[in-house]
Amino acid sequence: MIDVSHQINAVRRQVGSRVIEAGEAHVVTVSQTYDTTVEDLWEACTDPERIPRWFLPVTGELRPGGTYQLEGNAGGTVERCDPPKGFTATWEFGGNVSWIELRLTPAADGGTRFELDHIAPDDDEKWQQFGPGAVGVGWDMALIGLTLHLASGAAVDPQEAMAWFGTEEGLRFARLSSEGWYEAAVAGGEAAEVARGRADRTTAAYTGAEPS
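Residues numbered from 1 in each chain as written. Predicted model: local features only at pLDDT ≥ 70, side-chain atom pairs only at ≥ 80, totals over all residues. Heavy atoms only, no water.

Applicable threshold: UniProt positions are given in the numbering used here, feature names are shortened, and annotations may be inferred rather than shown by experiment.
In the nomenclature of an unreviewed UniProt entry, the protein chain corresponds to SRPBCC family protein from the organism Streptomyces liliiviolaceus. Word for word, the UniProt comment on the protein chain under Sequence similarities (unreviewed entry) is "Belongs to the AHA1 family."

Next up, the structure:
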């Protein structure tokens, strides 16, 4: 489906913090550069007819103040939209509310940089258990779909994608992604032993392996 090592290395992962209205928050940032224009990448990320070609079917009104729902996943409200540079929206799933911020910028050596922040309050239960991998591995998986779609223009078959994540290569991708988020957590200032435990639980959740 994709070159696992190349895709893992193509993505930059960062973990930080910021103050939001609700208080202190964790920030997980995932970014990758694509060989396309800002306008094309913006359309891929905001056109309801195109989003399902690499991510999930979406319904709602994709405009400031409008609400959206991804099939079988999160929904929320679009809070800000600045085409073709980015948008901010709430990310509501399983009774929890977090936020996503997308930024699209021309890359220095050509192409367009996709950069997404996922912002969660400090008291987020999944963060306490899994750390940044709670959302980071999922975004890594989503970027596989975006990478394949932008490279070919074709739609990614969701059944084929789900089947691939259960193969040895798919499981290796999940393990490497989880390890990448462990490294990002430590680089962001988290104690190594705490980050290790959270990353091991993340890996187990995605691969079915027992955490060490």
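**Describing the layout of surface pockets**
Stated formally: With a 1 Å grid spanning the protein atoms alone, the term cavity applies to any set of points in which a 1.4 Å probe fits but cannot get out, the term pocket to an open set with protein on both sides within 12 Å along at least five of seven lines, and the term lining residue to any residue with an atom within 4 Å of a point. Grid points are joined across faces, edges and corners, and a volume is the space filled by probe spheres set on the points. Helix numbering and strand numbering both begin at the N terminus, where a helix is a DSSP run of H or I of at least 4 residues and a strand a DSSP run of E of at least 2. Residues were grouped as follows: Ala, Val, Leu, Ile, Met, Phe, Trp, Tyr, Cys and Pro as nonpolar; Asp, Glu, Lys and Arg as charged; and all remaining residues, including Gly, as polar.
Considered as a void within the structure, the largest pocket measures approximately 1200 Å³ in volume. Every residue lining the largest pocket is counted, 41 residues in all, and those nearest its centre are F55, L56, N73, G138 and Y206. Within the residue set of the lining of the largest pocket, elements represented by two or more residues are β6 (86-93), β7 (96-106), β8 (112-121), α3 (125-130), α4 (133-152), α5 (158-165) and α7 (192-207). Classifying every residue of the lining of the largest pocket by side-chain character gives 27 nonpolar, ten polar and four charged. The space that makes up the second largest pocket amounts to roughly 360 Å³. Forming the boundary of the second largest pocket are 21 residues, of which C45, T46, I51, F87 and I100 lie nearest the centre. Those elements that provide at least two residues to the lining of the second largest pocket are α2 (38-46), β4 (67-70), β5 (75-82), β6, β7 and β8.

**Points about the nonpolar core**
Our working rule: Think of a nonpolar core as a cluster: buried Ala, Val, Leu, Ile, Met, Phe, Trp, Tyr and Cys residues, connected wherever their side-chain atoms sit within 4.5 Å. The buried label goes to any residue with under 20% of its type's maximum accessible area, the exposed label to any with over 50%, and the partly exposed label to all in between, with areas taken from a 1.4 Å probe on protein chains only. We call two residues in contact when some of their heavy atoms are within 4.5 Å.
If you look at the biggest cluster of nonpolar residues, it comprises 43 residues, and the most contacted ones within it are L41, F114, L146 and F173. Ranked by the residues each element gives to this core, the list is headed by α4, at eight residues. Leaving out residues up to four positions away in the same chain, F173 has contacts with V4, Q7, I8, D140, M141, I144, W164 and F165.

**Side note on the packing of aromatic side chains**
What counts, and what does not: When two rings of Phe, Tyr or Trp (its six-membered ring) have centres within 6.5 Å they constitute a pair, described as stacked for plane angles under 30 degrees, edge-to-face for angles over 60, and tilted for the intermediate range. Two conditions define a charge located above a ring, namely a distance within 6 Å from the ring centre to NZ of Lys or CZ of Arg, and an angle within 35 degrees of the ring normal.
Under the counting rule described, the total for this entry stands at six aromatic pairs. Judged by centre distance (5.2 Å) and plane angle (50°), the ring pair of W91 and W139 falls under tilted. Linking W91 in strand β6 with W139 in helix α4, this pair joins segments that are 48 residues apart in sequence. By relative accessible area, W91 is classed as buried at 11%. By way of ring pairs, the aromatic residues W54, F55, W91 and W139 are connected into one cluster. Taking NZ or CZ as reference, R196 lies 4.1 Å from the ring centre of Y182, over its face.

**Brief notes about empty space enclosed by the protein**
Enumeration over the complete set of coordinates arrives at one cavity of 30 Å³ or more. In this structure, the largest cavity encloses a volume near 50 Å³. In terms of lining, the largest cavity is formed by F130, P132, G133, S178, W181, Y182, A185, E190, A195, R198, A199 and T202. Elements represented by at least two residues in the lining of the largest cavity include exactly α6 (168-187) and α7.

**Some thoughts on the sheet that holds β6**
Using the following cut-off: In this scheme, strands are said to pair when DSSP sees at least two bridges between them. Interaxial angle, 0 to 180 degrees, is taken between N-to-C directions of lines fitted to C-alpha atoms, where a helix line uses only the stretch in contact.
The sheet built from eight strands is open, its strands ordered β1-β2-β8-β7-β6-β5-β4-β3 with antiparallel pairing. The open sheet has two free edges, formed respectively by β1 (12-20) and β3 (58-60), since each of these has just one partner strand. With strand direction ignored, the average angle separating the axes of adjacent strands in the sheet is 25°. Where strand β2 (residues 23-34) and β8 come together, ten bridges link them in antiparallel fashion. Bridge pairing in β8 links A25 to P121. Each of β2, β5, β6, β7 and β8 is contacted by α2, which is oriented at about 160° to β7, the strand it contacts most. α6 rests against β1 and β2 of the sheet, and its axis sits at about 50° to β1.

**Examining α7**
Stated formally: Expected helix span is computed as 1.5 Å times (number of residues minus one).
With 16 residues, α7 should reach 22 Å at 1.5 Å per residue; the first-to-last C-alpha distance of 22 Å fits that figure. Those residues of α7 that fall on the buried side of the exposure criterion are A195, R198, A199, D200, T202, T203, A204 and T207.

**A few points about unusual backbone geometry**
Across the junction of P83 and P84, the peptide omega takes the value -5°, indicating a cis bond. Note that P84 resides in the loop between β5 and β6.

**Quick notes on the UniProt feature "domain: Activator of Hsp90 ATPase homologue 1/2-like C-terminal" (unreviewed entry) in the protein chain**
Mapped onto the present numbering, the UniProt feature "domain: Activator of Hsp90 ATPase homologue 1/2-like C-terminal" (unreviewed entry) falls at residues 35-146. Along residues 35-146 the backbone is 26% helical and 39% strand, and the end-to-end C-alpha distance reaches 12 Å.

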